[in-house]
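Summary of the model geometry
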Amino acid sequence: MSATPSIYSSPHVPRCGIGFMMMRSMRQHALSSIIAIVCVALATGLTISVVSINAQAYKVFTGGQAGFDAVLGARGSQLQLVLNAVFHLETSPGNIPWSLYQAVKKDPRVELAVPYALGDNYNGFRIVGTTEELFTKFEFEKGRKFAIAPGGRMFDTTRREAVIGSFVSRQTGLKVGSNFNPFHGLNFDPKAKHDEVYVVTGVMEPSNTPSDRVIWIPIEGVYRMEGHVLRGADKEFKPAAGEEIPDEHKEVSAVMLKLRSPQGGFSLEQMINKQGKVATLAFPIGRTMADLFDKMGWVNRILGLVAYLVAVVAAGTILASIYNTINERRREFAILRALGARRRRVFTAIVAEASTIAAIGAAAGLLVYLGILGVAAKIVQAQTGVVLDLMFPHQILYLAPLGMIALGALAGIVPAIKAYGTDVAENISPTS
Amino acid sequence: MPLLEINNLTKSFAAPSGEKTLIVDVPSFSLEEGAQVALEGASGSGKTTFLNLIAGILQADGGTIRVAGQEMTALAEPGRDRLRAATIGYVFQTFNLLQGYTALENVALGMAFGRGVDGPHALALLQRVGLNERMTYRPRQLSVGQQQRVAVARALANRPRLVLADEPTGNLDRHHAREALKLIREVCRENGAALLLVSHDHEILGQFEDVHKISEFNRAAALENLPAEQKGEGPK
Ligand SMILES: Nc1ncnc2c1ncn2[C@@H]1O[C@H](COP(=O)(O)OP(=O)(O)O)[C@@H](O)[C@H]1O
Ligand SMILES: [Mg+2]
């Protein structure tokens, strides 16, 4: 019915350009080529990861994620205050009296003051007592407030109710309607279970901030937790059920502040940190974290140095993998030269081969980077609630691959010179 | 004008002792377009060196070699490479096929540095040497006889005007040697290429009408440079 094709359909005849010959050569030395490619991929992935993760971490930990401008807390280290109150890491430096909270709340320089009371956890996730203002007035990003996912609602400040972060919900399985018992302390200790039972009334929409890892309850709940002692006044106070707590006994762990202007922040800072003796104001939050990063700069410089050394080692692998094949390939070069190929061609072919190995490795390196970042992002999110962006644009994403290709080409020059020097007459016949 | 014309060609090598030894000293030699000539010489008489000089693989110490109207001896290495690529096909005793390439790709490489790859011509040549069913085989997958047929096809791929053959049957048994020689001569004739073949095998040499003893025109090979056992009695 249809025309029968010829029995021997003509095989494709290659044009035998540099690219074709290079692929043939790489196929012939597949193992050493693959090893070199893997080395380059790891080096590229590592370099990009170190630079990109550091840049992202700097951005999210010093940038807008906090939403607040300043933190007021017990006298001590500003950094500890920020890590504790903003990132929910570290131990609490202690408490300050309620009156201080009320004073800053009324201060004309302060736009919003939200109190935090710490002391309990659930399976290691912090329980923070606060007021409804955190949900109704606070914007963690311009125009974005913490929202409660459909099906949930805000806690009632007179009941044992909780709103939980999305990460907490995912990790613990707590949902709207779930009951749980808080545990005493900021670190999980199975023996320190409180008798109070809280019910989850809402799960927050993910905000990709440290707040995703927090369980929020009414601040009164913290005061009334069995075993908690209030030391706001001279003598300790334990509220009985139903008894109103006088303000002078109340304490807060931190007050989160949104300021009307930076100048206000500086004068507040002057007043609290320089003239006052009872409390510390961490301001600006970003500056405090930037100081931390600057102090940790040497770690980053060492990581960077390691990454660059690995890149050089990878280039060395390319050099060695090709260099080692040159002796066994001399005959091949001699044959090609006898067929009319010029020295320059042999040289170019080797440099091209090295560059191609580097290019393939660099491309694979981007995948390695995505893998490393994926793992790193999971760890960072679990530890801080902050989410790293896989598609974070950074110039290292193309600088590292381009640099690796250039380094690869450079590494190819050494074996290329060796190949270039091949003597045809000496190598065309087997030496025997 | 002959296709190949050689005058006062000399080439010497430094022996391991450091002493310079004259290996090639040819006052005059020529080959006509399309001719087929065999050179007979014992091992070590400078046959390979002579062919390498003609191919421009070696640089002569003195004298001239003209190939297809161009003076090989006046050219620098890239020029000699280009002239070789354009006008000369080379067949070796050890075939010298590239192991990473198929039979067809080896033939294509024969044109890659000259006129450029002509696919249909490469296919036709492989068909001519009887390997149309082995085109995609690698050299190791071919018998020695088949390998030399690929080498012959490769030498003729670029339509060279001169084919140099350096003991092309040295690695073949009697039967295959005769077959290979017949094929080389036929294919050269069909393609209008002159053939200059060197050998020390009398059976092979016996097939040629035109056989030159290398000692007749290479003064360096006359006596003094040959290994002792080939010098016979030697001058008293
Ligand atoms: N690169 C070289 N250096 C020194 N001696 C050489 C070199 N190449 C060839 N010779 C010598 O030149 C002589 C001729 O070699 P060759 O042309 O290979 O002979 P044939 O091909 O006739 O056997 C031999 O004695 C060989 O040792
Ligand atoms: Mg020889």
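Worth saying up front: this structure is predicted, and the values here are computed from it rather than measured.

**Focus: the domain arrangement of chain A**
All names here are of chain A.
- In terms of domain boundaries, chain A breaks down into domain 1 (15-60 + 297-428) and domain 2 (70-283).
- On a C-alpha basis, the centres of domain 1 and domain 2 stand 51 Å from each other.
- At the interface, seven residues of domain 1 touch nine residues of domain 2.
- Where domain 1 abuts domain 2, roughly 640 Å² becomes buried across the two surfaces, and 56% of that area is made up of carbon and sulfur atoms.
- When the area that domain 1 buries against domain 2 is broken down by residue, the three leading residues are Gln381, Thr384 and Gly385, summing to 50%.
- At the junction of domain 1 and domain 2, the tally comes to two residue pairs in polar contact (both at pLDDT 80 or more).
- For the side of domain 1 that touches domain 2, a count of residues per class yields three nonpolar, four polar and no charged.

**Re the nonpolar core**
- Residues Phe50, Leu109, Leu162 and Leu196 of chain B are the most contacted members of the largest nonpolar core, which totals 91 residues.
- Setting aside anything within four residues of it in sequence, one finds Leu109 of chain B in contact with Cys16, Met21, Leu336 and Leu339 of chain A together with Leu98 and Tyr101 of chain B.
- In terms of nonpolar packing, the next biggest core, distinct from the first, is built from 41 residues, Ile96, Ala113, Phe180 and Phe183 of chain A among them.

**With respect to the site of ligand 1**
Residue and element names in this part refer to chain B.
- Taken together, Phe13, Ala14, Ile23, Ala42, Ser43, Gly44, Ser45, Gly46, Lys47, Thr48 and Thr49 make up the full set of residues adjacent to ligand 1.
- Within the backbone of Gly44, an N or O atom sits 2.7 Å from an oxygen atom of ligand 1.
- Between an oxygen atom of ligand 1 and a main-chain N or O atom of Ser45, the distance comes to 3.2 Å.
- Considered on its own, ligand 1 offers 560 Å² of accessible surface; in the complex 61% of this is hidden by protein.
- Listed by contribution, the elements that provide at least two residues to the shell around ligand 1 are strand S1 (4-14) and helix H1 (47-55).
- By residue number, the principal contributor to the shell around ligand 1 is H1, which donates three residues.
- Grouping the amino acids of the shell around ligand 1 by side-chain chemistry returns four nonpolar, six polar and one charged.

**Looking at the packing of aromatic side chains**
Residues and elements named next belong to chain A.
- If you walk through the whole model with that rule in mind, you get 24 aromatic pairs over all chains.
- Between Trp98 and Tyr101, the ring centres sit 4.8 Å apart and the planes meet at 70 degrees, which makes this aromatic pair edge-to-face. One end of the pair is Trp98 and the other is Tyr101, both in helix H4 (residues 98-106) and three residues apart, which spans about a single turn. Each member of the pair, Trp98 as well as Tyr101, is classed as buried.
- Judged by centre distance (6.0 Å) and plane angle (85 degrees), the rings of Phe347 and Tyr420 are edge-to-face. Separated by 73 residues along the polypeptide, Phe347 in helix H11 (residues 343-384) and Tyr420 in helix H12 (residues 396-420) bring together distant segments of the chain.
- Owing to a relative accessible area of 39%, Tyr420 belongs among the partly exposed residues under this scheme.
- The rings of Phe68, Tyr116, Phe135, Phe138, Phe140, Phe146, Phe155 and Trp216 are connected pair by pair, giving a single aromatic cluster.

**Details of the sheet that holds strand S2 (residues 20-31) of chain B**
Residues and elements named next belong to chain B.
- One open sheet holds the four strands; their spatial order is S2-S1-S4-S5, and the pairing between them is antiparallel. In this open sheet, the two strands that pair with only one neighbour each are S2 and strand S5 (70-71).
- Relative to strand S4 (residues 62-67), S1 runs antiparallel, the two sharing five bridges. Residue pairing for S4: Ile6 is matched across the bridge by Ile65.
- Contacts from H1 reach S1, S2 and S4, with the element oriented near 120 degrees to S1.

Definitions and cut-offs
Every chain's residues receive numbers from 1 upward, in the order its sequence appears when written. Chains and ligands are labelled by the order in which they are written, letters from A for the one and numbers from 1 for the other. With pLDDT at 70 or above as the cut-off, local features in this predicted model cover only qualifying residues; side-chain atom pairs require 80 or more to be listed or tallied, and sums for whole chains, interfaces and linings still use all residues. Hydrogens and waters are ignored; side-chain quantities use all the structure's heavy atoms. What counts as a domain boundary in this text is fixed by an automatic or database domain assignment. Contacts: residue pairs with any heavy atoms within 4.5 Å of one another. Summed over both partners, the accessible area (1.4 Å probe) lost when two parts come together is defined as the buried area. Polar contacts here mean pairs of N or O atoms no more than 3.5 Å apart (in protein, one a potential hydrogen donor and the other a potential acceptor; neighbouring residues in sequence count only if both atoms are side-chain atoms). Under the scheme applied here, ten amino acids are nonpolar (Ala, Val, Leu, Ile, Met, Phe, Trp, Tyr, Cys and Pro), four are charged (Asp, Glu, Lys and Arg), and all others, including Gly, are polar. We call a set of buried Ala, Val, Leu, Ile, Met, Phe, Trp, Tyr and Cys residues a nonpolar core when their side-chain atoms join them within 4.5 Å. Three labels apply to residues, based on accessible area from a 1.4 Å probe with only protein chains included: buried if under 20% of the type maximum, exposed if over 50%, partly exposed otherwise in between. Nearness is defined per residue: one heavy atom within 4 Å of the molecule or strand is enough. For accessible areas, the Shrake-Rupley method is used with a probe of radius 1.4 Å. Any residue's cover is judged against the shown protein chains and nothing else. Only DSSP runs of H or I covering at least 4 residues are called helices, and only runs of E covering at least 2 are called strands; the numbering of each starts at the N terminus. What counts as a ring pair is set by centres within 6.5 Å for rings of Phe, Tyr and Trp (its six-membered ring), and what kind of pair is set by the plane angle: stacked under 30 degrees, edge-to-face over 60, tilted for all other angles. Any two strands with at least two DSSP-identified bridges between them are counted as paired. Every angle, taken between N-to-C directions, lies between 0 and 180 degrees, and every axis is a line fitted to C-alpha atoms, over only the stretch in contact when it is a helix.

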